[in-house]
Amino acid sequence: MASSSLTLSQAIFSPSLPRHGSSSSSSPSLSFPIFSGLKSTPFTSSHRRFLLLSTSFTKQQLSVRASAAVETLEKTDAALVEKSVNTIRFLAVDAVEKANSGHPGLPMGCAPMGHILYDEVMKYNPKNPYWFNRDRFVLSAGHGCMLQYALLHLAGYDSVQEEDLKSFRQWGSKIPGHPENFETPGVEVTTGPLGQGIANAVGLALAERHLAARFNKPDCEIVDHYTYVILGDGCQMEGISNEACSLAGHWGLGKLIAFYDDNHISIDGDTEIAFTEDVSARFESQGWHVIWVKNGNTGYDEIRAAIKEAKAVKDKPTMIKVTTTIGFGSPNKANSYSVHGSALGAKEVEATRNNLGWPYEPFHVPGDVKTHWSRHTSEGAALETEWNAKFAEYEKKYPEEAADLKSVITGELPAGWAKALPTYLPESPADATRNLSQQNLNALAKVLPGFLGGSADLASSNMTLLKMFGDFQKNSPEERNLRFGVREHGMGAICNGIALHSLGLIPYCATFFVFTDYMRGAMRISALSEAGVIYVMTHDSIGLGEDGPTHQPIEHLASFRAMPNILMFRPADGNETAGAYKVAVLKRKTPSVLALSRQKLPQLAGTSIDGVAKGGYIVSDNSSGNKPDIILLGTGSELEIAVKAADELRKEGKTVRVVSLVSWELYDEQPADYKESILPASVTARVSIEAGSTFGWQKFLGDKGKAIGVDGFGASAPADRIYKEFGITAEAVVAAAKEVF
């Protein structure tokens, strides 16, 4: 077996193909060695592969460079620091000006703290943005993304070259209008909707704390990195930040350091018009350590001292309030809303250049600044190689833990993991799919080292408790049950951060299906940023009964089926629930939603784990030659009703096919010949039944088919009575079938 010391930390899942037409020249075909036991595979932008990057430094070089990799800026000439900070400002100004679109104000104000973080404090390898033990940086105020792009460019990341800066916000650009992790290596999470980023950062910090507690040893600290985040007034106003930061304080995430860009300006003007609370007092009440840097424009030593103080506080996250001037350096637009979201304009750019003494052409990086930043390539490689050597020693001493940590880092699932999923027979007891889900969750937790999650104060109702583990808390961070409290939106975004921390971390979170309304923003970001969160959504229909229409989802299935890159499952029984979990675990770049019943359902003959992977499949059929008289389609609790209706129709001499359409998205991915074998075009007599909106069913039913569902709000009553009153019955299916023959 080859040594893992030069491979493990660099194992990554390559970014997916950029979605907006990037030219192939930016994604060359390369071949890299990978983990022992896996074959070397060509890497292109259209394939996701494990990437390993070797380095070639001597031990002496490694020791010198690794020790110098951090804390360098303190010894840097003050004039060079100022020039470097102004370089960041003007790269942002020039890119926004050339695009005539963007947000120059935040980068101009936050350049000092960004510079100190990337040049002095953070550990990273610009030539391998996915090195496991890197520090993570999140720009929660994502509109100011030119700050991060400028920093990535100076630090030597291949993803942001000068030509990329010149194509900011353009078609095919690798640096889009808000940070996107799937477009720009070096960007950890996708931000833009305010507040999402700080919540993602809580997830990243939670992941580090959890993995450190599980895998670090007294003689080997193998997991050791910080999460840094910059957030603004808009993030602070959004409720999600309060949810996530409350949890961060409760959990005592000491390696989370947040910089609050306190510039008092939002799009509508001064924050005095709508936002006057004491943010520092709020964070203190939530259990954060709070520091105020009063001069964020030029107070470099204040910023350094604040970071040093923050790192000394081990049991609390830290919020550093940094008072800045938005658009710093602009003579006529600084400290105003006009610099927030639009280019300065040619005259003001020239005035700003004169004001800050910047004689250079657009996009120019002065030679001494370039030389100063160039050291990060060698120092980053040295840090990574040093960590690789440490892991090699760790693996010798602790082989079992090392194997689990490898799985978490690389996303390589343990051999035979899917065999742990339970299977069911028709004679198995009827049960609610939420209970069957819990059986699957607990089975998976035994075989997947990175499987963890929890509920928004509904664990006993969502049935999401992992029985063999305790609760992740401040004093028990090694445990895997996450208690989110009543914080659905924060929960979803925190899970996005966990999923994007490491490929083998598989988070799940749960609430009632109707309350996805509270977390839809985070779920959409899951889909956009390719974060494979598993959403366990119980109480999936009017079948939940007496709680009534406030708790009964109607349009929710249709809404998630309309969302790109998300899988919507509605399993009918145990085998379909297991099948949904199998797909959800495998689809690490696609989130999954499982809509699960409160009421008991029978284990149906003909359902299967393998069938779920196709999205739609035949459960029962008494026809021949692919020519049934009628096709009945159902999902979830209504598949049983379709089966009963088929039995009645067959008694009348009809040939009936029953199809489970458990995941429309997976079915749509199947080849045409498979779909023709399930829903032959010649058979136009079709009826669907689902206790939700009928919106969307017509594409499977055609013009002659009939959809049975619920297109108004539900009611409060026992489930059986509600189903009868709304016509969700076998009798209704039989009647509809006779109409379409």
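All chains use their own residue numbering, which begins from 1 and follows the written sequence. Residue-level local features of this predicted model are given only where pLDDT is at least 70; pairs of side-chain atoms are given and counted only at 80 or more, and the full residue set underlies all totals for whole chains, interfaces and linings. Only heavy atoms go into the side-chain values, all of them from the structure, while hydrogens and water stay out.

Asks: It is not clear to me how the packing of helix α4 (residues 146-155) against helix α12 (residues 367-397) should be interpreted in this structure. Could you clarify?
Replies: The packing of two helices is summarised by the inter-axis angle and the distance between the axes. The angle between two axes is taken between their N-to-C directions and runs from 0 to 180 degrees, where each axis is a line fitted to C-alpha atoms and a helix contributes only its stretch in contact. The helix and strand labels rest on DSSP assignments: H or I over at least four residues marks a helix, E over at least two residues marks a strand, and numbering proceeds from the N terminus. Relative orientation of the contacting elements α4 and α12 amounts to 80 degrees, with a least axis distance of 7 Å. Taken together, the axis directions place α4 and α12 in an arrangement best described as roughly perpendicular. Listed contacts from α12 to L151, L154 and A155 of α4 are V369, W373, H376 and T377. Roughly parallel means an angle under 35 degrees; roughly antiparallel means over 145; roughly perpendicular covers 65 to 115; every other angle is labelled oblique. Note on contacts: a residue pair qualifies if any of its non-hydrogen atoms lie within 4.5 Å across the two residues.

Asks: Is there a simple way to think about the environment of Y360 in this case?
Replies: Among the structural elements, Y360 can be located in the loop between α11 (346-355) and α12. Burial classes: relative accessible area under 20% of the type maximum marks a residue as buried, over 50% as exposed, and values in between as partly exposed (1.4 Å probe, protein chains only). The partly exposed category is assigned to Y360, whose relative accessible area is 24%. Sequence separation of Y360 and T87 is 273 residues, and the distance between their C-alpha atoms is 9.6 Å. With residues near it in sequence (within four places) discarded, Y360 still touches K83, R353 and P366.

Asks: Just checking my understanding: could you explain the pattern of salt bridges for this structure?
Replies: A side chain of one charge can pair with a side chain of the opposite charge if their charged atoms are brought near each other. Take a side-chain nitrogen of Lys or Arg and a carboxyl oxygen of Asp or Glu: if they are within 4 Å of each other, that pair is a salt bridge. If you walk through the whole model with that rule in mind, you get 31 salt bridges. Close ionic contact of E162 with K166 constitutes a salt bridge, the shortest N to O distance being 3.0 Å. Placement of the pair is E162 and K166 together in helix α5 (residues 162-166), with a separation of four residues, close to one helical turn. Exposure remark for E162: the relative accessible area of 35% places this residue in the partly exposed category. Here K166 falls in the partly exposed class, since its relative accessible area comes to 27%. Across the salt bridge formed by E401 and K217, the nearest N and O atoms sit 3.0 Å from each other. Of the two residues, E401 is situated in helix α13 (residues 399-410) and K217 in the loop between α6 (196-215) and β4 (227-232); the sequence distance between them amounts to 184 residues. The exposure class assigned to E401 is partly exposed, which follows from its relative accessible area of 24%. One network of salt bridges, with partners in common, ties together D119, R375 and E379.

Asks: How should helix α19 (residues 574-586) be read in this particular structure?
Replies: Three or four residues apart is the spacing at which side chains of an α-helix point the same way, because the helix has 3.6 residues per turn. Here a helix's expected span is defined as the number of its residues, less one, multiplied by 1.5 Å. With 13 residues, α19 should reach 18 Å at 1.5 Å per residue; the first-to-last C-alpha distance of 19 Å fits that figure. When we look at burial in α19, the residues that qualify are G574, N575, E576, T577, A578, G579, A580, Y581, V583, A584 and V585. The N-cap residue of α19 is D573: its side-chain oxygen and the backbone nitrogen of N575 are 3.4 Å apart. Between N or O atoms, a polar contact is any pair within 3.5 Å; within protein, one atom must be a potential hydrogen donor and the other a potential acceptor, and residues adjacent in sequence are included only when both atoms are from side chains.

Asks: I keep staring at the side chain of H103 and nothing clicks. Help me out?
Replies: If you trace the backbone, H103 turns up in the loop between α2 (78-99) and α3 (105-121). Polar side-chain contacts of H103 include one of 3.3 Å to the backbone oxygen of H143. Of note is the side chain of H103, whose polar atom sits 3.5 Å from the side chain of R169. Ignoring anything within four residues of it in the chain, the contact list for H103 reads V96, H143, G144, R169, H340 and G341.

Asks: Explain the sheet that holds strand β8 (residues 289-293) to me, please; I cannot follow it from the model alone.
Replies: Note on sheets: strands pair through backbone hydrogen bonds, and any given pair is parallel or antiparallel. By the convention used here, strands pair only if DSSP detects at least 2 bridges between them. Across the sheet, five strands lie side by side as β3-β4-β5-β9-β8; this open sheet has parallel pairing. A strand with exactly one partner marks an edge of an open sheet, and here the two such strands are β3 (136-139) and β8. The sheet shows a mean angle of 15 degrees between the axes of neighbouring strands, taken without regard to direction. Bridging between β3 and β4 involves four bridges; their strand directions are parallel. Its bridge partner lying in β4, L139 is registered against I230. Packing against the sheet, α6 makes contact with β3, β4 and β5 (256-262), and its axis sits at approximately 165 degrees to β4.

Asks: Looking at this model, I keep getting lost on the nonpolar core. Mind explaining?
Replies: Note that soluble globular proteins tend to have their nonpolar side chains buried in a common cluster. For the purposes of this section, nonpolar cores are sets of buried Ala, Val, Leu, Ile, Met, Phe, Trp, Tyr and Cys residues that join through side-chain atoms within 4.5 Å. Counting 76 residues, the largest nonpolar core has I222, W251, L253, L256, W288 and F484 as the members making the most contacts within it. Of all the elements, α6 adds the most residues to this core, at 11 residues. Once you skip the residues sitting within four places of it in the chain, W288 turns out to touch C245, A248, G249, L256, A258, F283, K316, P317, T318 and M319. Counting residues in each nonpolar core, the second largest holds 56 residues, with L91, V96, L151 and F168 among its members.

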